[in-house]
Amino acid sequence: MECPHLNSNVSCPSDSSRFPNGTPSSWCCNVCRSNKSPWICLTCLMVHCGRYVNGHAKKHFEESQVLGITQKKSEKQEKEKSHHSVCMDCSSYSVFCYRCDDFVVNDTKLGQVQKVREHLQSATGLRNLGNTCFMNAILQSLSNIEQFSCYFKELPAVALRSGKTAGRRMYHTRSQGDSSVSLVEEFRKTLCSLWQGSQTAFSPDSLFYAIWKIMPSFRGYQQQDAHEFMRYLLDHLHRELQYSRNGASHPVSPQDGVRLSSAEGKCCINGTASVVTSIFGGILQNEVNCLICGTESRKFDPFLDLSLDIPSQFRQKRSKDQDPGPTCTLRDCLRSFTDLEELDETELYYCHKCKKRQKSTKKFWIQKLPKVLCLHLKRFHWTAFLRNKVDTYVEFPLKGLDMRGYLLEPENSLSENCLYDLVAVVVHHGSGVGSGHYTAYGSHEGRWYHFNDSTVTLTNEDTVRKAKAYILFYVERTEQVASDKTATNTCSLGKPMLVQCLV
């Protein structure tokens, strides 16, 4: 029905701090603390239970109506607002008006209602299929990289066969020589299922099945390393996009191409570019100097992410009684990666001038920064027969990571193109790579979320800063406001379904 009370009964908060923490569908009534059938008043943003629980939402309206009658007649506008007559279902996001005693069908005409709905519509979790938290954390992180996820969500679905097999999906991958599944298609469908607000959790079983067929090392239900999985996933997505027409309508500049080879996951400049290499691809310069004759050798190594050591001086475990010592920062890790290093006896460099292996120094420079900078902190290392975890906290910036000081030719780069803002973090909880649990933090439309398999909750920047990061995703800062708005509109939230369940 057309509701005349929306304008005077709906307020839109300027920030998300006025909303309760957690998933809206699990919010508790302010009176009885029940989390069944929560409804939020669109005037004061208080949460109460529906009429089929304890009816506190309706009682809230009735009490505010009594208060409105006691007001002076001259305060007409305040009286209208005091009715608190419009509320929203925290599960279906449908709107109900007590004064009209009916559901509202014209709420989309009022921008304030849409803004409140977007605040309430939470991200979709991913069900754990059996130790698949490593996959879920990476998928949620990638879904928050807007330019990357939008590319896949805009791809057309795979073609349908004709004739006897009409109606069946036709897949088109050459990965591992298997023509029965498409990793790109299953990845696309998974991303499309996130951020819809229509379900609390999605089961990525079809994607996991495709991963089993295409990446044999990830078969089974044992815990896997999230960074290793991310490298394999991006590698196979890139290769399938190279050989598939699925992404033909989204050409990428060939000079941006960086292709992963299958050998040990190393990169090589070769082949056709894809959205993977265009967004994540950067180039390192590896400079080696012979300490005997001074011969200098340079080569360029494309990368999709940088693996950073946590400097040894920050790895010592300290008891509660000891001084915590200096805090390790992301800059310390980046500096350790790019500092001049003397190679040890096991890494002697073969000097073509000396005609034998000699002592030498090595230094990395970044020649080309990627659009999305992925930084992997090397928290796992082998000692004897065990792979131990470095549990050191590494301080990292949420905004304004300046990479200019690590560039080969910083004078040729604009300073604003070297600044990066954090968009996602993968965290490993536990003591070993084969055990523990992975979760992720992601920034979406200015709000931070914590992704823990099926559970997604709103969180804040302070909580993100305290996380012991394993993988950090930084997005290049740009001033293209117009293009950002276009991308946001392209990947806007789906329209909610009105569920006719009275409050």
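Predicted, not measured: the structure shown is a model, and the values here were computed from it.

Reading guide: rules and limits
Residues numbered from 1 in each chain as written. Predicted model: local features only at pLDDT ≥ 70, side-chain atom pairs only at ≥ 80, totals over all residues. Heavy atoms only, no water. Helix = DSSP H or I, 4+ residues; strand = E, 2+ residues; numbered from the N terminus. Buried < 20%, exposed > 50% of the residue type's maximum accessible area, 1.4 Å probe, protein only. Contact = heavy atoms within 4.5 Å. Areas by Shrake-Rupley, 256 points an atom, 1.4 Å probe, with all protein chains shown as cover. pLDDT = per-residue confidence, 0-100. Expected span 1.5 Å × (residues − 1). Polar contact = N/O pair within 3.5 Å; in protein donor to acceptor, adjacent residues only side chain to side chain. Pairing = 2+ DSSP bridges. Phe/Tyr/Trp six-rings, centres within 6.5 Å; stacked < 30°, edge-to-face > 60°.

### Points about the overall build of the protein chain
- Of the regular secondary structure elements, the protein chain holds 13 helices and 27 strands.
- Relative to its 503 residues, the protein chain shows a buried fraction of 48%.
- Put simply, 65% of the contacts in the protein chain that link residues at least 6 apart link residues at least 24 apart.
- Roughly 24,800 Å² of accessible area belongs to the protein chain as shown, and the carbon and sulfur atoms make up 49% of that amount.

### Considerations on the confidence of the model for the protein chain
- Confidence in the prediction of the protein chain, expressed as mean pLDDT, is 79, and 75% of residues score 70 or more.
- Scored below 50 in pLDDT, residues 245–269 shows 58 contacts in the model against residues more than four places distant or in partner chains.
- Here residues 480–501 scores under 50 on pLDDT; set against residues more than four positions off or in separate chains, the count is 28 contacts.

### A closer look at helix 9 (residues 226–243)
- Between the first and last C-alpha of helix 9 there are 26 Å, a value that for 18 residues agrees with the 26 Å anticipated at 1.5 Å per step.
- Burial within helix 9 is extensive, with 14 of its 18 residues counted as buried.
- Its side-chain oxygen placed 3.3 Å from the backbone nitrogen of His227, Asp225 serves as the N-cap of helix 9.

### Considerations on the sheet that holds strand 10 (residues 282–290)
- On the basis of which strands lie adjacent, the open sheet formed by 4 strands has the order 11-10-17-14 and antiparallel pairing. If you trace the sheet from one side to the other, it starts and ends with strand 11 (296–303) and strand 14 (341–342), each paired once.
- Pairing geometry for strand 10 and strand 17 (residues 360–368), over 8 bridges, is antiparallel. Residue pairing in the sheet places Leu284 in a bridge with Ile366 of strand 17.

### Overview of the packing of aromatic side chains
- Here the structure, examined in full by the defined rule, presents 20 aromatic pairs.
- Residues Phe208 and Tyr221 carry aromatic rings whose centres are separated by 6.2 Å and whose planes lie at 55 degrees to one another, so their mutual orientation is tilted. You can see Phe208 sitting in helix 8 (residues 205–214) and its partner Tyr221 sitting in the loop between helix 8 and helix 9, a full 13 residues away along the chain.
- A relative accessible area of 47% places Tyr221 in the partly exposed class.

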